[in-house]
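Here is how the chains run, residue by residue.
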Amino acid sequence: MRRGLTALVALAMGCASAAPPPGGPEDLAPPRLVRVGPDSGALNFSSKNASFYFDETINDRGSGAQEVDNYFLVSPSDGLPRVEWHRSRIDVRPRNGFRPNTAYSITLLPGLSDLRNNAMKTGRSIVFSTGPTIPTTRIEGTTFDWVQERPLAGAFLEAVTPDSIRYLAQSDSVGRFAVGPLPAGTYLVRAYIDQNHNRSLDRNEAFDTLRVTVPQAAPAELLVAARDTLPGRIATIVVVDSVTLRVNFTNLLDPSITPAASDFRLIGGPDSVLVAVASVRTAPQEAAAALAAQQAAADSARKADTSHRAAAVPPAAVPVPPTKSDDTLATRKPSRQPPFNSVTLKLARPLTPNTTYRLSTRGLRALSGRTAPSEAGFTSPRAVPKVRADSVAAALRDAAAARKGALPLPPDSARRLPPSRPPARP
């Protein structure tokens, strides 16, 4: 009886998920991929699974986005892949198995961890075929966060054929991607931020689409942004100062439009007086102006510093700073101006304090292509009372004199003083 119970306990412990052994030196190194079967470039592959071998046990206790299944992409895809965990080996295959005479790519994404949650910083891709050839063509390009004007890392890529075959990839840390290998033809390429990690474009997820013909004439550029079918309406109005308003819209606006002062109408006060709008600047124009001002200030400071050093050092001894190129992968920007959801209005005259205003627009074209008139109200701030300079100086002098005991107490101060107490008896 005892022997049977011991066997059952051992069997239960063997079926449970592995746990880190107690004691010993602390392990801070992530898992290391030691080999993959098949080798990249293999032909006529006939096994049931592709296998990834690691130098230690992989953590299989993740949930949601941390599940082991989410770290593998199989392309072309027929649904979520089948991923099987075997401690230090992981087997991967398409949902319905490998198809004959088809080239596949399987990508291990960064983030897989060991039992101590040490995560891999890099991934690995293998390319092989169940037939005798592998196509040499791919779809390559860059994904951008269009609004922020910077490369987008971790974007999910799909290239879909006319008969709905899906090839998958993910952009790297500087936004680059390569989908394939795949046959020549025309593909609908989609890039999106897969927030819920279901590998499907859902409502409210930022995306972009582009039709690409393979072989490519030039790298693709996908501009990922939140796209809606609704027009842009006025959401809020912020009073920056007495002659400046910042108007925020509900949706992104088309970057190809140039808002004009005539697009806005501002009225206020009991008589609905019209306040003329002098100029309009978009959020990208505001950012460019601020950057230009900072650059001008930096240039002025640099010139002043150079002049000072040139006066103290002979011209031949002044070092020439090396020039640095800004054309790096991480600082690239999209080729098109970004969309925006706010504009800044400069008024022809100041707002009247503590007055209700209504701002209306006849409709600016949204990124969806739709327009609709809208309006919103706001109240200007109350006027700040002005304090005369001589009054402030007199108050400061009185305060300093009172601290030194030079000023007498007010006549009624005796009534405000606490009553005196008799001295305590010894």
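Please refer to the structure higher up on the page.
Note that the coordinates shown come from a computational prediction; the quantities given were computed from them, not determined experimentally.

### A few points about the nonpolar core
Right, on to step 1. Counting residues in each nonpolar core, the largest one holds 23 residues, and the members touching the most others are L245, F249, F264, L266, V343, L345 and L359.
Right, on to step 2. If you list the elements that add at least two residues to this core, you get strand 16 (234–241), strand 17 (244–253), strand 18 (264–268), strand 20 (277–282), strand 21 (340–347), strand 22 (356–361) and strand 23 (374–379).
Right, on to step 3. Those residues in contact with V343, other than ones at most four positions away along the chain, are L245, R246, V247, F249, P259, F264, V280, R281 and T282.
Right, on to step 4. Core analysis: the next-biggest nonpolar cluster, separate from the first, contains 22 residues, A50, I58, I90 and M120 among them.

### A look at unusual backbone geometry
Right, on to step 1. That bond from G180 to P181 is cis: its omega, 10°, falls within 30 degrees of zero.
Right, on to step 2. Examined against the element boundaries, P181 turns out to sit in the loop between strand 12 (176–179) and strand 13 (185–192).
Right, on to step 3. Backbone torsion omega between V214 and P215 reads 5°, so that peptide bond is classified as cis.
Right, on to step 4. When you line up the elements, P215 lands in the loop between strand 14 (207–214) and strand 15 (220–224).
Right, on to step 5. Backbone geometry places R87, a non-glycine residue, at a positive phi of 60°.
Right, on to step 6. Summarising the element assignment, R87 is placed in the loop between strand 4 (82–86) and strand 5 (89–93).
Right, on to step 7. For R87, a relative accessible area of 44% gives the class partly exposed.
Right, on to step 8. Located in the positive-phi region is R199, a residue other than glycine, with phi close to 55°.
Right, on to step 9. Here R199 shows up in the loop between strand 13 and strand 14.
Right, on to step 10. Using a relative accessible area of 11% as the deciding quantity, one classes R199 as buried.

Rules of the game
- Residues numbered from 1 in each chain as written.
- Predicted model: local features only at pLDDT ≥ 70, side-chain atom pairs only at ≥ 80, totals over all residues.
- Heavy atoms only, no water.
- Core = buried A, V, L, I, M, F, W, Y, C linked by side-chain atoms within 4.5 Å.
- Buried < 20%, exposed > 50% of the residue type's maximum accessible area, 1.4 Å probe, protein only.
- Helix = DSSP H or I, 4+ residues; strand = E, 2+ residues; numbered from the N terminus.
- Contact = heavy atoms within 4.5 Å.

Interpretation in functional terms is not warranted from these geometric data alone.
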